[in-house]
Amino acid sequence: MASEHLGDRIARLRRLADLTQEGLAERSGVSVDVIRKVEQRRKHSARLPTLHSLADGLGVELTALLGNPPAVPSSGGAEPPQLVAVRRAIMPPLFAPPAAPTGAEPLSPTLVRAEIADAWTLYHAAEFARLMDVLPGIILDARLLAAVGSADQRAAGQAALAKALQLAGHLAVRLGKTDLALAALERAHAAAGDSSDPLLAPMISTSVAWAYQRQARLDDARNLAVHAADGVEREHSGTAEGVRVWGGLLMSAATSYARSDDYDTANLMMRTAERAAGRLSTLPPPPDGRLVSVFSRSSVRIERVRLAVQHERPEEALTLARGIRLSADTPPSWRTWLLLDVARAHTDVGDAEGAVKALESLRRAAPRWMRHHTLAVAIVTDLWAGSARPVGLRRLARFLSVTA
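I will try to describe carefully the structure that is included in this document. (Residues numbered from 1 in each chain as written. Predicted model: local features only at pLDDT ≥ 70, side-chain atom pairs only at ≥ 80, totals over all residues. Heavy atoms only, no water.)

**Describing the overall build of the chain**
Here's step 1: The number of helices and strands found in the chain is 21 helices and zero strands.
Here's step 2: Burial status across the chain gives 54% buried among its 404 residues.
Here's step 3: Expressed as a percentage of contacts within the chain between residues at least 6 apart in sequence, the contacts between residues at least 24 apart total 68%.
Here's step 4: Accessible surface, the chain as shown: approximately 18,600 Å² in total, 52% of it carbon and sulfur. (Helix = DSSP H or I, 4+ residues; strand = E, 2+ residues; numbered from the N terminus. Buried < 20%, exposed > 50% of the residue type's maximum accessible area, 1.4 Å probe, protein only. Contact = heavy atoms within 4.5 Å. Areas by Shrake-Rupley, 256 points an atom, 1.4 Å probe, with all protein chains shown as cover.)

Dropping the structure here:
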C-alpha cells in the first residue's frame, strides 16, 4: 500500500496539536489556503521551507512530514529487536561492568575497517534492514579495537569506532530517531578526538549538521558546518580527503541556507563546491573513499538539482540534470533521489511524458524504495489526475496503488 498522504499526515498532526487550520497558519506563517489545499489533497507536495515552517508550527521534527521510506516496520508500539540492538550498541547499559578485552581474539584493524566500509555500502544502497543486523557487531568490534594494544593501535581503533558510530547516527536519522542519531554522533565525535585522523571530527560535523537540519535547527546546522569547513580549508585543502570533507561541509551549509529560503546564497556556495570538486582529478585518491565524505562533481550537481526543484525552479533543475555525468562512486541512493527530482521537475513544467520516463527508470532501479516514498506517490497521483496520461503511467499508478 502507498504511504500516508502528506495532507493526511498534516491534518492528523494538526489535530493532535489541538490546532485549527487557521491556528496552524498563524503559528507557522504558512497561508491557510496552502494548508487547506494540501489537507484536501488538491496540492500533493510543498516547498521544503514551507514544510519546515509547518513542522515548527506543529511542534514536530521535519521527518514527521517528509515521509521517508521506512527502514524498519513500525506499529507505534515497542521498538523492534533490530533497533533495540542498534540502540544498545550506541549506548551500552549504564552501570554494567565493562566487558574485559583480555583473552579475546585479536582483531585485525584492516578487517574491521573493511567491515565498516561494507556497512556504509549497505547504507548507501538503502539496505537498512541488513545494516541493522550487522551494525551492532561492527560497533562492538570497533570498541574492542579501541581498547587494546599500543597507543597507536588504540588511536586506530578510535578512528574505526568513530566511523562505526557515525554510520549508526546516519541510520538513526533514516529511522526518524534524530535524538538517538545525535547521541551516536556525540560519541563518534569523542572517538574521533582520540584518534590520529584530524579530518574525522569535521567529517562527523557534517553528519551532526544533517541531524540538526532534520530537527529544523537550521541556524545550528549552518553555523556548525561553516565553522568546521573553515578549519578544514585552512589546514587540509591540499589533499583529496581534505577537499572531500570540506566540500561535504560546504554543501551542508548551502542546504541550510536553502532551507531557510536563501536560495541565492545556497546556489553560490554550491557553485563554489562544484568548482572545488574539479580539483579532485588532480590529487591522489584516498585509500578507501567509502570512508570519506561523499563529494564529487556529480554529487554536487545532484544536490543542486534537488535544491532547484524544492525552490520551484524546475527549468533550472532540468538544465542542471542534463549536464550530470555520474561518477562510478555515486551511491545508488543518490541516483534514485536524482531520478525522483527529475520526475518532479518534469511534472512541474507540465511534461508528463518526461516525468513518466524518469519514474520508470526509478522503478527499475529501486522498486521497493519507490513504493514506500511519499513524494513518488504524490507525483504519480498528480500525473494521474491530469488530462495527459502517457504510456507507462497506468503501470506506475498500479504499482504504487494510486489506482486499482
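Back to the text.
**Here we look at a negative patch on the surface**
Here's step 1: A surface patch of negative charge is lined by E312, E315, D348 and D382.
Here's step 2: By secondary structure assignment, the location of D382 is in helix 20 (residues 374-385). (Patch = residues over 30% accessible without salt bridge, like charges linked within 9 Å, V, L, I, M, F, W, Y side chains within 5 Å. Salt bridge = Lys/Arg side-chain N within 4 Å of Asp/Glu carboxyl O. Lys, Arg positive; Asp, Glu negative; His and termini not counted. Charge placed at Lys NZ, Arg CZ, Asp CG, Glu CD.)

**A word on the nonpolar core**
Here's step 1: Judged by nonpolar contacts, the single largest core of 113 residues is most densely connected at L340 and L359.
Here's step 2: With 11 residues, the single largest contributor to this core is helix 9 (residues 151-174).
Here's step 3: In contact with L359, not counting residues within four places along its chain, are L340, A343, M370, I379, V380, L383 and L396.
Here's step 4: One finds I10, V30, A55 and L58 within the second-largest nonpolar core, a separate group that totals 14 residues. (Core = buried A, V, L, I, M, F, W, Y, C linked by side-chain atoms within 4.5 Å.)

**Describing the packing of aromatic side chains**
Here's step 1: For the structure shown, the criterion picks out three aromatic pairs.
Here's step 2: Between W337 and W369, the ring centres sit 5.4 Å apart and the planes meet at 80°, which makes this aromatic pair edge-to-face. Here W369 lies in helix 19 (residues 367-371) and W337 lies in helix 17 (residues 332-348), a separation of 32 residues in the sequence. Across this residue pair, the class does not change: W337 and W369 are buried.
Here's step 3: When the ring centre of W337 is taken as origin, the NZ or CZ atom of R306, which lies over that ring, is 4.6 Å away.
Here's step 4: For the cation-ring pair, R389 lies above W384, with the distance from its terminal atom to the ring centre recorded as 3.7 Å. (Phe/Tyr/Trp six-rings, centres within 6.5 Å; stacked < 30°, edge-to-face > 60°. Lys NZ or Arg CZ within 6 Å of the ring centre and 35° of its normal.)

**Details of the environment of A142**
Here's step 1: Positionally, A142 belongs in helix 8 (residues 128-147).
Here's step 2: Between the C-alpha atom of A142 and that of A162, which follows or precedes it by 20 residues, the distance is 8.5 Å.
Here's step 3: Residue contacts for A142: discarding those within four places in its chain leaves V112, G157, A160, L161 and A164.

**Examining the pattern of salt bridges**
Here's step 1: Evaluated as defined, the whole model comprises 14 salt bridges.
Here's step 2: With its nearest N and O atoms 3.0 Å apart, the salt bridge here joins D219 to R222. Highlighted residues: D219 and R222, both in helix 12 (residues 218-236), separated by three residues, approximately one helical turn.
Here's step 3: The closest approach of N and O atoms between R306 and D341, which form a salt bridge, is 3.6 Å. Placement of the pair is R306 in helix 15 (residues 297-310) and D341 in helix 17, with a sequence separation of 35 residues.

**Considerations on unusual backbone geometry**
Here's step 1: Positive phi, normally seen in glycine, also occurs at A216, with a value near 65°.
Here's step 2: By relative accessible area, which is 19% here, A216 ends up buried.
Here's step 3: The residue D261 is not glycine, and still its phi comes out positive at about 70°.
Here's step 4: Counting through the fold element by element, D261 comes out in the loop between helix 13 (240-259) and helix 14 (263-277).
Here's step 5: Relative accessible area serves as the criterion here: at 43%, D261 is assigned to the partly exposed category.

**Description of helix 3 (residues 32-39)**
Here's step 1: Looking at helix 3, one finds that the buried residues are I35, V38 and E39. The buried residues of helix 3 occupy an angular sector of 95° when the element is viewed end-on, so they sit on one face.
Here's step 2: The first or second residue beyond helix 3 is R41, which carries a positive phi of 65°. (Arc of directions from axis to C-beta.)

**Some thoughts on the environment of R344**
Here's step 1: With respect to the helices and strands, the residue R344 is situated in helix 17.
Here's step 2: A relative accessible area of 10% means that R344 is categorised as buried.

**Re helix 11 (residues 200-214)**
Within an α-helix, residues lying three or four positions from one another point in the same direction, as the helix has 3.6 residues per turn.
Here's step 1: Compared with an ideal rise of 1.5 Å per residue, which puts 15 residues at 21 Å, helix 11 spans 22 Å between its outermost C-alpha atoms and is within 8% of the ideal.
Here's step 2: Most of helix 11 is tucked away, with 15 of its 15 residues classed as buried.
Here's step 3: One or two steps after helix 11, the chain reaches A216, where phi turns positive at roughly 65°. (Expected span 1.5 Å × (residues − 1).)

**Some thoughts on the packing of helix 6 (residues 81-90) against helix 8**
The relative placement of two packed helices is expressed as an angle between their axes plus a distance between the axes.
Here's step 1: Contact geometry for helix 6 and helix 8: axes closest at 9 Å, N-to-C directions at 20°. Taken together, the axes of helix 6 and helix 8 lie roughly parallel to each other. Here the hand of the crossing between helix 6 and helix 8 comes out left-handed. Facing helix 6, whose interface residues are Q82, L83, A85, V86, A89 and I90, helix 8 presents A129, M132, D133, P136, I139 and R143.
Here's step 2: When its residues are assigned to classes, the contact of helix 6 with helix 8 shows nine nonpolar, one polar and two charged. (Axes fitted to C-alpha atoms, helices over the stretch in contact; angles between N-to-C directions. Parallel < 35°, antiparallel > 145°, perpendicular 65-115°, else oblique. Left-handed = near helix turned anticlockwise from the far one by under 90°. Nonpolar A, V, L, I, M, F, W, Y, C, P; charged D, E, K, R; others polar.)

**Regarding the packing of helix 12 against helix 13**
Here's step 1: Where helix 12 contacts helix 13, the axes come no closer than 8 Å and their chain directions differ by 155°. Here helix 12 lies roughly antiparallel to helix 13, going by the angle between them. Considering only the axes of helix 12 and helix 13, their crossing is left-handed. Only G242, V243, V245, W246, L249, S252, A253, S256, Y257 and R259 of helix 13 make contact with helix 12, whose side of the interface consists of L218, A221, R222, A225, V226, A228, A229, V232, E233 and H236.
Here's step 2: Class assignment of the residues belonging to the contact of helix 12 with helix 13 gives a composition of 13 nonpolar, four polar and three charged.

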